[in-house]
Amino acid sequence: MCTAPLVPPWCRGGTSAWPDPARARTVCPFLSFPAALVRPWCLGLCRIPLRRASLPEIPLLFAPGNGSCVSSPHFETDKEPCIPVLFPDGRQEELGWRDVLLRAHLIKDLALPVPPAASAVLRLLVVMAARISGLDARRERRVTARQWAARRRELLTHPAGFDPDAVHAYFDNYIWDLFHPERPFLQDPRLASQCPQRAGVNKLVFGRPEGNNLSWLSPHSDSDPQPVPSAQALWHMLIHHYYGAAGQWSVRTVGGRSLNRAKAGPLRSSLSFHPLGRTLYETLLAGIPKPDPSWPDAVDHCPWEEPLPHPDPDDGDPVEGPDPDTAPPPVSSPGRLLTGRSRHAVLLIPAPDGRHVTDAYLTWATQKKLPALDPYLIHHVHADEPVTRRHRPRRADADRALWRDLDALLLAGDEDDRKGTQAKSGKGRYTVQRPDAFTTLNDLPPDLRAALRVRVYGFDQDGKTTNRTWYTALTPPIWPWMQECDPAAAERIAACRKAAEEIGAHLDRLSQDAWKQTTNSGSPRHLPPWTRSARTLYWPRAEATFWNLLNEPARSARAAFAADAIDALRTATRPAIAQHFRAAEAVATALAQLCLRSR
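Here the residue numbers are simple positions, counted from 1 along each chain's written sequence. Whole-chain, interface and lining totals are the exception, using all residues; otherwise, since this is a predicted model, local features are given only for residues with pLDDT of at least 70 and side-chain atom pairs are given and counted only at 80 or more. Working from all heavy atoms in the structure, the side-chain values ignore hydrogens and water.

Undergrad: An account of the environment of L191 is requested, with residue identities and associated values reported.
TA: The secondary structure listing takes helices from DSSP runs of H or I that are at least 4 residues long and strands from runs of E that are at least 2 residues long, numbered from the N terminus. Here L191 shows up in helix α5 (residues 191-194). L191 sits in the buried class, given a relative accessible area of 0%. In the structure, L191 is positioned 62 residues away from T253 in sequence and 9.0 Å away in space, judged by C-alpha atoms. Buried residues are those whose accessible area, probed at 1.4 Å on protein chains only, stays under 20% of the maximum for their type, while exposed residues exceed 50% and partly exposed ones sit between those limits.

Undergrad: Outline the sheet that holds strand β5 (residues 109-110), listing residues and values.
TA: Taken together, three strands build an open sheet; the order of strands is β4-β3-β5 and the sheet is antiparallel. With partners counted over all chains shown, the strands left at the sheet margins are β4 (92-95) and β5, one partner each. We treat two strands as partners when DSSP finds at least two bridges between them. Across four bridges, the pairing between strand β3 (residues 83-86) and β4 is antiparallel. Opposite V85, over in β4, you have E93 as the bridge partner.

Undergrad: Help me get a handle on a positive patch on the surface, residues and values and all.
TA: Residues R261, K263, K369 and K464 make up a contiguous surface patch of positive charge. Structurally, R261 is set in strand β8 (residues 257-262). Here the term patch refers to residues with relative accessible area over 30% and no salt bridge, with like charges joined within 9 Å and nonpolar side chains (Val, Leu, Ile, Met, Phe, Trp, Tyr) within 5 Å. What sets the accessible areas is the Shrake-Rupley method with a 1.4 Å probe; for residues, cover comes only from the shown protein chains. Any Lys or Arg side-chain nitrogen located within 4 Å of an Asp or Glu carboxyl oxygen qualifies as a salt bridge. Lys and Arg are tallied as positive, Asp and Glu as negative. Neither His nor the chain termini are counted. Here the site of a charge means NZ on Lys, CZ on Arg, CG on Asp, or CD on Glu.

Undergrad: So what's going on with the environment of T589? Which residues, and what values?
TA: If you trace the backbone, T589 turns up in helix α15 (residues 583-597). What makes T589 partly exposed here is its relative accessible area of 40%. Between the C-alpha atom of T589 and that of A514, which follows or precedes it by 75 residues, the distance is 7.9 Å.

Undergrad: Account for the sheet that holds strand β16 (residues 453-461), with residues named and values stated.
TA: A sheet is described by the order of its strands in space; here three strands give the open sequence β9-β16-β17, paired in antiparallel fashion. Looking at which strands have only one partner, the edges of the open sheet turn out to be β9 (271-276) and β17 (467-474). Shown here is a sheet whose adjacent strand axes are inclined to one another by a mean of 10°, direction ignored. What counts as an axis is a line fitted to C-alpha atoms, over the stretch in contact for a helix, and the angles between N-to-C directions run from 0 to 180 degrees.

Undergrad: Outline the pairing of β17, listing residues and values.
TA: Pairing between β16 and β17: seven bridges, direction antiparallel. Each bridged residue has a counterpart across the sheet, and for Q461 the counterpart in β17 is N467. The antiparallel pairing of β16 with β17 creates a hairpin that spans five residues between the two strands.

Undergrad: Tell me about the pattern of salt bridges, and please be specific about residues and values.
TA: Scanning all chains against the criterion turns up 38 salt bridges. With a shortest N-O distance of 3.0 Å, R131 and E305 are connected by a salt bridge. Residue R131 is found in helix α2 (residues 115-133), and its partner E305 is found in the loop between α8 (280-287) and α9 (335-339); the two are separated by 174 residues along the sequence. Using a relative accessible area of 5% as the deciding quantity, one classes E305 as buried. One salt bridge in this structure joins R392 and E385, with 3.4 Å as the shortest N-O distance. With relative accessibility at 14%, the residue E385 sits in the buried group. The network of salt bridges with shared partners includes R394, R400, R404, D405, D407, R497 and E501.

Undergrad: Describe the nonpolar core, naming the residues involved and giving the relevant values.
TA: Burial of nonpolar side chains together is a common tendency in soluble globular proteins. We call a set of buried Ala, Val, Leu, Ile, Met, Phe, Trp, Tyr and Cys residues a nonpolar core when their side-chain atoms join them within 4.5 Å. Counting residues in each nonpolar core, the largest one holds 143 residues, and the members touching the most others are I83, W97, M128, F162, L348, Y538 and F561. Tallying contributions element by element places α2 first for this core, with 13 residues. We call two residues in contact when some of their heavy atoms are within 4.5 Å. Residues in contact with F162, not counting those within four places in the same chain, are L101, A104, A129, I132, S133, V167, Y281, L284 and L285. In terms of nonpolar packing, the next biggest core, distinct from the first, is built from seven residues, L191, A192, C195 and Y361 among them.

Undergrad: Requested: an account of the side chain of R123, with residues and values cited.
TA: Tracing the chain through its elements places R123 in helix α2. What R123 contacts, discounting residues up to four positions off in sequence, is Y242, L267, S272, H274, L338, D374, Y376 and L377.

Undergrad: Lay out the packing of α2 against α8 in plain terms, naming residues and giving numbers.
TA: Any two packed helices are characterised by how steeply their axes cross, that is the angle between the axes, and by the distance between the axes. In contact at an axis separation of 9 Å, α2 and α8 are set at 85° when each is read in the N-to-C sense. By the angle between their directions, the pair α2 and α8 is classed as roughly perpendicular. When α2 is examined against α8, the residues L122, L125, V126, A129 and S133 are found in contact with a partner set consisting of L280, T283, L284, L285 and G287. By residue class, the composition of the contact of α2 with α8 is seven nonpolar, three polar and no charged. Each angle is binned into one of four classes, with values under 35 degrees roughly parallel, values over 145 roughly antiparallel, values of 65 to 115 roughly perpendicular, and all other values oblique. When residue character is reported, Ala, Val, Leu, Ile, Met, Phe, Trp, Tyr, Cys and Pro are called nonpolar, Asp, Glu, Lys and Arg charged, and the others, Gly included, polar.

In structure tokens:
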């Protein structure tokens, strides 16, 4: 029985040294169950240490029982099936990054079952498509907006998709291995030496209970963490990069200073809108942000495109990388804007074959702010706030129907009907700015404009640690309603949405007043049951009325929504009228006020 301390030989040096023993686990030939790596002298059952010169350049693993050598764990995301896609015939298949772009013109849509992961994957694919097509405007001579739009129209008329040679050339230039010893994809290998404790695989996977949390709807527990397939580990790692929580994480020591608090991810609690074409090829090209001269004229690198450091071969320390305590590079578009603003650092621990992830390090990546406007978010613009807090993304809310956001996609910001609307916080007024990706739809070919829909990804979270739910939605083709195509239709949609929200807010106030009058109580801490029931009944009715109003331009929107509110309040309070002495009078007063609102 081998009882030697578990210290891997390559931690003592070498150009391809692994930073963490568990990153290269093996099966000890003297045990019947998987174990961590053993000392080199334990393999021969003799305590004769090997010299550094005799250590292998690439860590070797041993198959159980026969001592044969196999390769180290690896999972090349550009080749391994890790991104589910949907084809027009309804067939689903998992592909690597490379094949997704090679076959983008044959793919209908992404098919990831986790909406925030799909939102992150789509951002990465947009940047890759921009690099391959040349629409990232990374040239010696800056292109004009007209030249950029003409180039995109030219590509959209190309039925064969992206140039295969350009796709292969791009992916051959970079490292895509999820478990590479020096440059693991979208990870920081230094965490193995900077973090004294791992977070656990349950912390990595959203939906699993971890720590002292109870297992309500999950078969997993922290006492028996089960490995997660490497492809799914990639999805959840991306969610942490984009939607990661703020607050306490694993301790990370950098330059003698230890911290365990992280900032929230750049998309936390946000609602993301993406133009959706007839194929993934059209979706990616339609979603590429236009060049903007306001972005800093700096080298625009994605995390996997950063130059790989070359450490001293005689130095046993992990590969050096960017200092987390220093100011990050300025945000530039599209690379750093869409892929380089993560506030969290991750390091995955693979199983011996690389097909599963058994553990992970999760901690903070930077404490510095990375302000930027994501091109797929609706922003509320508070003109009276400081510049750094002027733009606030619209938050995801699972209780809010997505048709209420439709007008924000259709109207240009300078003509949005929300001018002067009070912000929810009550601290000033704001206008609504539609996502930047929707400002260039008029430059698309006419046939694509007519078929263009919008894919919506939402992750209902608070600003720190609580995750409520995620969801996705799909709109009908929106171009016939766009302000650039039909200003009257866009204004009608905005007017109907505004009338629905005004009547809904009035219904909330009147139902609360009626409840207080009936029960002779003060202001409740939570919504009264009448208000909750009336709200639940009103908004589905209002959605059906909204779509009907689009086909009836002469019908009064306020009267139609007021009728829905009256029906909802009557239905919600009908049982209470027989139970409470004052209920009938209070409800009658509220209904009369709603009737006045319909005029």
